[in-house]
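Architecture at a glance
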Amino acid sequence: MEQRKLGTQGLVVSAQGLGCMGMSEFYGQSDEAESIATINRAIDLGVTLLDTADMYGPFTNEELLGRAIRGRRSQVVLATKFGILRTSDPTSRGVCGRPDYVLTSCDSSLKRLGVDHIDLYYQHRVDPDVPIEETMGAMADLVTAGKVRYLGLSEAKPAIIRRAHAVHPVTALQSEYSLWTRDPEDEVLPTLRELGIGLVAYSPLGRGFLTGQIKSFDDFAADDYRRNSPRFQGENFTKNLELVERVRAIAARKEITAGQLALAWVLAQGNDIVPIPGTKRRKYLEENIAATTVSISESELAEIDAALPKGVASGDRYPAAMMGLLNR
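Along each chain, the written sequence defines residue order, and numbers are assigned to residues from 1. The predicted origin of the model limits local features to residues at a pLDDT of at least 70 and limits the giving and counting of side-chain atom pairs to 80 or more, whereas totals for whole chains, interfaces and linings rest on all residues. As a convention, hydrogens and water are excluded, and side-chain values are obtained from all of the structure's heavy atoms.

1. Notes on the overall build of the protein
- Each helix corresponds to a stretch of at least 4 residues labelled H or I by DSSP, and each strand to a stretch of at least 2 residues labelled E; elements are numbered beginning at the N terminus. A tally of regular secondary structure across the protein gives 11 helices and 12 strands.
- For the protein, the C-alpha radius of gyration of 19 Å lies close to 20 Å, the compact-globule estimate for 328 residues.
- With respect to the three principal axes, the spread of C-alpha positions in the protein is 50 × 40 × 40 Å.
- Going through the 328 residues of the protein one by one, you find that 57% of them count as buried.
- Residue pairs in contact within the protein that sit at least 24 positions apart in sequence constitute 75% of those at least 6 positions apart.
- In this tally, Lys and Arg are treated as positive and Asp and Glu as negative; His is ignored, and so are the chain termini. Charge positions are represented by NZ for Lys, CZ for Arg, CG for Asp and CD for Glu. Averaged over its 38 positive side-chain charges, the protein has a centre that lies 2 Å from the centre of its 43 negative ones. Computation of the radius of gyration draws on C-alpha atoms, with the globule rule given as 2.2 Å multiplied by the number of residues to the power 0.38. Note on exposure labels: buried denotes an accessible area under 20% of the residue type's maximum, exposed denotes more than 50%, and partly exposed covers the range between, all computed with a 1.4 Å probe on protein chains only. Should any heavy atoms of two residues lie within 4.5 Å, those residues are counted as being in contact.

Spelled out as structure tokens, the structure:
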């Protein structure tokens, strides 16, 4: 698989990574055996970047990933995150960026993953009550201690990215980026490119919606968190379904799936961008990876842009409480 540089500090990863979140939570019933088989199949196919976070599960996704890569640690670039606090309320989210919390969170993640270092460690969401210089200073201490190799942020605004980067080089920003979430193009991507920071694009398939597999709200399991997401509700769902049909039509002419077109589009936006589509099944993993061989011409990019212009999706990408944690 093609390799891409994330940042300018030396981190090189596969052009497409694997998001592991849904293997443990948020997208219906889990299947540990199939999830572990999917992770190992990804490694066999050349995927090196594996993404998790302490809050997925919570905590159990790191343990799952740790079990999956046992004996294969040297073949993967392991990314995890700290900073989102969970409660018994599934819609509630808090954040913490205190230096002491950063250090204890890292030690806990290392233990759950069963490794002696984390390759890429992200602050999952910015804590507005703790200066980013303090949080980043603690993260830099982890690099000095050999517990972490590279540092990242997630869903941070340009001013925060600049301040963090002044403390210690930021290797990657992880933010949502896809055909129906193009917000980073306005200010974030130009900032990253000025500073030499890579973009790791999560939800490049629009939480599965851009694959065309979701036809009805009833397709979601009772515990699927997308039931609470504005983009998947009511009139928004209907309008967004029309967008997917546009993607499907273009993909059909190229004899690929809608999901493959959506991933190929993200890959075509720059060699400094690495999408991390999530899946818990080998079948969909293999379909996603095939997108790395799809080329899109300039005329096709223009056609896609006309069919799905920036800002075209209906509804916010998260419930209100979670939207408040973005771009801080």
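After that view, the rundown keeps rolling.
2. Some thoughts on the state of the cysteines
- Here, the term disulfide refers to a pair of cysteine sulfur atoms separated by no more than 2.5 Å. Under the defined criterion, the tally for this structure stands at 0 disulfides.
- Here Cys106 stays free of any disulfide, with the sulfur of Cys96 as its closest cysteine sulfur at 14 Å.

3. So, the side chain of Arg73
- Looking at where Arg73 falls in the secondary structure, it is placed in the loop between α2 (60-68) and β5 (77-82).
- Overall, the relative accessible area of 18% leaves Arg73 in the buried class.
- If we ignore the near neighbours within four places in the chain, the residues touching Arg73 are Leu78, Val115, His117, Ile118 and Asp119.

4. Remarks on the sheet that holds strand β10 (residues 172-176)
- At least two bridges found by DSSP between two strands are what make those strands a pair. Across the sheet, which stays open at both edges, the 8 strands sit in the order β3-β4-β5-β8-β9-β10-β11-β12 with parallel pairing between neighbours. If you trace the sheet from one side to the other, it starts and ends with β3 (18-19) and β12 (273-275), each paired once.
- Where helix α6 (residues 188-195) meets the sheet, its contacts fall on β10, β11 (198-202) and β12, and the angle it forms with β11 comes to roughly 145°. Between N-to-C directions, angles cover 0 to 180 degrees, with each direction set by a line fitted to C-alpha atoms, over the stretch in contact for helices.

5. Here we look at the pairing of strand β8 (residues 118-123)
- In terms of residue burial, β8 counts as a mostly covered element, since 6 of its 6 residues are buried.
- In this sheet, β8 lies alongside β5 in parallel orientation, the contact comprising 4 bridges. Note on β8: the bridge partner recorded for Ala79 is Leu120.
- Where β8 lies against strand β9 (residues 148-154), 5 bridges are found, and the strand directions are parallel. Considered in β9, the bridge of Tyr121 is made with Leu151.
- Whether a crossover is right-handed comes down to one check: with the strands pointing away from the viewer, does the path from the first strand over the helix to the second run clockwise; if it does, it is right-handed. In this fold, the crossover linking β8 to β9 by way of helix α4 (residues 132-144) has right-handed handedness.

6. Some details on α6
- For α6, every residue scored as buried is listed here: Val188, Leu189, Thr191 and Leu192. Along the axis of α6, the buried positions cluster into a sector of 160°, meaning they face one direction only.
- In the core, the buried residues of α6 are packed alongside α5 (158-167), β10, β11 and β12.
- Just beyond α6, the residue with positive phi is Gly196, at close to 75°. The arc refers to the directions leading from the helix axis to the C-beta atoms.

7. Notes on the packing of helix α7 (residues 234-254) against helix α10 (residues 298-307)
- Contact geometry of α7 with α10 gives a least axis separation of 10 Å together with a crossing angle of 160°. Classed by the angle they form, the pair α7 and α10 counts as roughly antiparallel. Every pair of crossing elements has a handedness; the one defined by α7 and α10 is right-handed. Taking contact as the criterion, the partners of Arg246, Ile250, Arg253 and Lys254 in α7 are, on α10, Glu300, Glu303, Ile304 and Ala307.
- The classification used treats Ala, Val, Leu, Ile, Met, Phe, Trp, Tyr, Cys and Pro as nonpolar, Asp, Glu, Lys and Arg as charged, and all other residues, Gly among them, as polar. Its residues placed into classes, the contact of α7 with α10 shows 3 nonpolar, no polar and 5 charged. Angle categories: roughly parallel below 35 degrees, roughly antiparallel above 145, roughly perpendicular from 65 to 115, and oblique for all the rest. Should the near helix be turned anticlockwise from the far one by less than a right angle, the crossing is left-handed, and should it be turned clockwise, the crossing is right-handed.

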